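Observations on the three-dimensional arrangement
Letter by letter, the chains look like this.
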2 protein chains.
Amino acid sequence: MDQPPRTSPVTLHDVAREAGVSLATASRALNGSERKVNEAYREKVLAAAARLNYTPNLSAQAVAKGATNTVALLVADIADPYFSSIAAGVIRASEQSGLVVTMAVTGRSPDRELELVRALRGQRPRVMILAGSRSSASDGEQALITELTAFEQNGGRVVFISQNELPFRTVVIDNTDGARMLATRLVELGYRRFAAITGADDLLTSRDRLAGFAAGLAEHDLSIRPDHIVRSEFTRDGGFSGAVQLIEQGLDDIDLVFAASDVMAVGALSAFREAGVVPGDAIAIAGFDDIPTVRDITPPLTTVRIPLEEIGAQALALAIGEDTDAAVTIGSTVVVRESTPPR
Amino acid sequence: MDQPPRTSPVTLHDVAREAGVSLATASRALNGSERKVNEAYREKVLAAAARLNYTPNLSAQAVAKGATNTVALLVADIADPYFSSIAAGVIRASEQSGLVVTMAVTGRSPDRELELVRALRGQRPRVMILAGSRSSASDGEQALITELTAFEQNGGRVVFISQNELPFRTVVIDNTDGARMLATRLVELGYRRFAAITGADDLLTSRDRLAGFAAGLAEHDLSIRPDHIVRSEFTRDGGFSGAVQLIEQGLDDIDLVFAASDVMAVGALSAFREAGVVPGDAIAIAGFDDIPTVRDITPPLTTVRIPLEEIGAQALALAIGEDTDAAVTIGSTVVVRESTPPR
DNA sequence: GATAACAGGGAAAGCGTTCTCCCACACCGG
DNA sequence: CCGGTGTGGGAGAACGCTTTCCCTGTTATC
């Protein structure tokens, strides 16, 4: 595979020599903007660069300029449609701005997150976007804040996607209000007896959604029986096992299950179906996020739509934008589908 | 947001001064491996680094060493579960090897792909992994090969995920054989009258799968009526519109629809359901890939399982491995689920 | 106790860029 | 014809590291 001598990459120096100009001129013709360079020279340089198939060494540019074109993106799990949709938005927006995205996956571990932030900081990215799910009482929190503050003091920008409880720019997803509206809507549809499958209690996203849902119910003097709230992993399998738990407890007093995310709802749906409980009929289900797949499952899922790709794009805009708005709040809409027929 | 004076990042120089040692010693204590440094000195340096919250500038390291720790990953669409699963595998394996992944999205455009390869080459990554869907007759193909060959001659490694029709290392997905086995299995289940929804004709993945499926049928003296093969976008919506087209043509002479990917199958399922044709009952459906969601849709989808995450991990292994095996072939297994009940 | 061998610190030369100076030259007004 | 004012090329410093090379001090060997 490696028969040819293995040449070393073409440098700007080579291009300059080939074009018969100085290093400085070559640099200016190819990348440096400010100063004009004689049209004849410029063409000679461009021709030489093309002939040699030259590509500027971005690392060298970065050290010379003291700035990169990099966006560092941290997500919990790229195979999860919630995060991959957000990532798609970040990447699209980045490419439009001529930025390159480097991505790391925390696997939902705060320790790993801190470690990755430290490592990514070495890249001196322009922007760091953290789309992990924040949890409330993590010990490493302070260390993370220290790290990110240092990063900002060196001229970087930090953007969180989640709750704005941290002192950084944030794309705020209005989990509480979205869940509240969903609850109201479900009450209007005739539902009265609720259960919920949520993530661990310190997961802010999950907690806010549950709280919002409960608040919405409270407005109609309804509530969720404490034993009808089951906690589980914030994943498809967590949703599955949460539903299993509900089934084992007995479904008599439940006509609707609220899952704190669509991914969990999908898992729950499968659990119900496997147990012979027909979703949308014997039991209604609602989720949160409106990930692409939920319109294709059966029954199509009632959920709260948040524009995931746009959130990713907004995060980048917030990061590179001039205005120092500390937060952008993303609205959500309730989408009623067949998993919650009127009753 | 930026009140504090905005200090510049801590450099190795600062650390060395703080620790009272030379630059060389600091470098060796923190990163450089070969030479030993006195334990007392090393501790002083590490302490100083921690005190100043130093992070080595990776760009500077890259230009000094002439090598990076970067893996460049190109995918067609990160929101597509096929690619996001592969990406998850690449990222996991990369992090295990201490490599950083930079990701770019081609949006299925060969021109864009070429452009991105050029741009990413500037990063001087150790490895470039291309997971786009290859298409046969793309004009820019030669330019892409030139670019990638140059990259390899400079010491980089290129890995494709797809078909090995290009002169680079490849993780080969055995589309043909998988589809052939699927066809055989479906014939065993009693199906005789087939239709297919596939991608554009020059998309190799799609073409191979269709060819394999047809070959499998041929072994049992069966075939797909040419007018029962519809071509469409290789996406969920493409699957949907493909199914609509079949419905409009009439489903009388069809009892099973083979979709060239699970994503398409999912779209097709929705189309059938919307048209009142019950999938798994009035019409059977089979897909290809075994993306995570297909076990959660209704009916659960019969498909050909390929271990997507492992493919991603294999791609990285192939890239950084010593052995110059040009290709690794990934086996596939038929998974029969309820979308194709015996008949 | 003299000498060879080695360990390990520090100075300085790179790595591939950008960018600040400096300078030569052309052009202009008086 | 002279000095002033651009204009734009080129030399070289700088960016933050790694690594080679030199040199001193310690240890091993006879």
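Residues numbered from 1 in each chain as written. Chains lettered and ligands numbered in written order. Predicted model: local features only at pLDDT ≥ 70, side-chain atom pairs only at ≥ 80, totals over all residues.

Description of helix 7 (residues 141-153) of chain B
Taking 1.5 Å per residue, 13 residues should reach 18 Å; helix 7 of chain B reaches 18 Å between its end C-alpha atoms and fits that length. Positive backbone phi, at 100 degrees, marks G155 of chain B, one or two positions downstream of helix 7 of chain B. (Helix = DSSP H or I, 4+ residues; strand = E, 2+ residues; numbered from the N terminus. Expected span 1.5 Å × (residues − 1).)

Describing the relation of the copies chain A and chain B
Mapping chain A onto chain B leaves a residual RMSD of 0.1 Å; the transformation is a rotation of 180 degrees accompanied by 0.0 Å of translation along its axis. The two molecules are tied by a two-fold rotation axis, judged by turn and shift. Within chain A, the C-alpha atom positioned nearest to the axis of rotation is that of T102 of chain A, 1.9 Å from it. Most of the interface of chain A is mirrored in chain B: 96% of its interface residues are interface residues there too. (Least-squares fit on C-alpha atoms with pLDDT ≥ 70 in both. Contact = placed C-beta atoms within 7 Å.)

Section: the interface of chain A and chain B
Opposite the 49 residues of chain A that make contact, chain B presents 48 residues. Counting residues per element, the ones that place at least two in the side of chain A that touches chain B are helix 4 (58-65), helix 5 (81-96), strand 2 (100-105), helix 6 (110-121), helix 7 (141-153) and helix 11 (262-274) of chain A. When the residues that make up the side of chain A that touches chain B are grouped by side-chain class, the tally is 24 nonpolar, 19 polar and six charged. (Nonpolar A, V, L, I, M, F, W, Y, C, P; charged D, E, K, R; others polar.)

Thoughts on the packing of helix 8 (residues 175-188) of chain A against helix 9 (residues 204-218) of chain A
All names here are of chain A. Interhelical geometry of helix 8 versus helix 9 gives an angle of 40 degrees and a closest axis separation of 7 Å. Relative to helix 9, the element helix 8 lies oblique. The two elements helix 8 and helix 9 meet at a crossing, and its hand is right-handed. Only T205, D208, R209, A211, G212, F213, A215, G216 and L217 of helix 9 make contact with helix 8, whose side of the interface consists of N175, T176, D177, G178, A179, R180, M181, L182, A183, T184 and V187. Considering only residue class, the contact of helix 8 with helix 9 consists of nine nonpolar, seven polar and four charged. (Axes fitted to C-alpha atoms, helices over the stretch in contact; angles between N-to-C directions. Parallel < 35°, antiparallel > 145°, perpendicular 65-115°, else oblique. Left-handed = near helix turned anticlockwise from the far one by under 90°.)

Describing the protein's contact with DNA strand D
As a structural note, the neighbourhood of DNA strand D is formed by 29 residues, with S22 and N38 of chain A together with L12, S27 and A64 of chain B the closest of them. Residue assignment for the surface near DNA strand D shows that the elements contributing at least two residues are helix 2 (23-30) and helix 4 of chain A together with helix 1 (12-19), helix 2 (23-30) and helix 4 (58-65) of chain B. Ranked by residues supplied to the surface near DNA strand D, first place goes to helix 4 of chain B with five residues. Looking at the surface near DNA strand D residue by residue, the class counts come to 14 nonpolar, twelve polar and three charged. (Near = placed C-beta within 6 Å.)

Some words on the sheet that holds strand 8 (residues 256-259) of chain B
Residue and element names in this part refer to chain B. Strand order in the open sheet formed by four strands is 7-6-8-9, and the pairing between neighbours is parallel. With one partner strand each, in any of the chains shown, strand 7 (229-231) and strand 9 (284-286) form the two edges of the open sheet. Recorded for the sheet is a direction-independent mean angle of 20 degrees between the axes of neighbouring strands. Across three bridges, strand 8 lies against strand 9 in parallel orientation. Paired with L256 across the bridge in strand 9 is A284. Contacts from helix 10 (residues 236-249) reach strand 6 (194-198), strand 7 and strand 8 within the one sheet, and its direction differs from that of strand 6 by about 145 degrees. (Pairing = 2+ DSSP bridges.)

A few points about the protein's contact with DNA strand C
Surrounding DNA strand C, one finds 28 residues, the nearest of these being L12, S27 and A64 of chain A together with S22 and N38 of chain B. Counting only elements with at least two residues in the surface near DNA strand C, the list comes to helix 1 (12-19), helix 2 and helix 4 of chain A together with helix 2 and helix 4 of chain B. Split by residue class, the surface near DNA strand C holds 14 nonpolar, twelve polar and two charged.

Re unusual backbone geometry
Between T298 of chain A and the following residue, P299 of chain A, the backbone shows a cis peptide bond with an omega angle of -10 degrees. Considering the arrangement of structural elements, one finds P299 of chain A in the loop between strand 9 (284-286) and strand 10 (303-305). One non-glycine residue with positive phi stands out, namely R108 of chain A, at about 65 degrees. Accessibility expressed as a C-beta count within 10 Å gives 20 for R108 of chain A, which makes it buried. A positive phi angle, near 55 degrees, is found at N53 of chain B, a position not held by glycine. By secondary structure assignment, the location of N53 of chain B is in the loop between helix 3 (39-52) and helix 4. (Buried ≥ 20, exposed ≤ 12 C-beta atoms within 10 Å, placed from the backbone.)

What about the domain arrangement of chain A?
Residues and elements named next belong to chain A. The domains assigned to chain A are domain 1 (12-56), domain 2 (66-172 + 309-329) and domain 3 (175-307). Using C-alpha coordinates to define each centre, domain 2 is positioned 29 Å away from domain 3. Listing elements by their share of the side of domain 2 that touches domain 3, those giving two or more residues are helix 5 and helix 12 (308-320). Its residues placed into classes, the side of domain 2 that touches domain 3 shows four nonpolar, six polar and four charged. (Domains from an automatic or database assignment.)

Quick word on the environment of L30 of chain A
Residue and element names in this part refer to chain A. Within the fold, L30 resides in helix 2. Residues L30 and R112, spaced 82 residues apart in sequence, show a C-alpha to C-alpha distance of 40 Å. Each residue touching L30, except ones within four places of it in the same chain, is listed here: V45, A49 and P56.

Quick notes on the sheet that holds strand 8 (residues 256-259) of chain A
Residue and element names in this part refer to chain A. In spatial order, the strands read 7-6-8-9; together these four strands make up an open sheet with parallel pairing. Bordering the open sheet on either side are strand 7 (229-231) and strand 9, each of which pairs with just one other strand. Across this sheet, the average inter-strand angle for adjacent strands is 20 degrees, counted without regard to direction. As judged from the four bridges shared by strand 6 (residues 194-198) and strand 8, these two strands associate in the parallel manner. Looking across to strand 8, one finds that F194 is bridged to L256. Along the sheet, helix 11 makes contact with strand 6, strand 8 and strand 9, crossing strand 8 at roughly 140 degrees.

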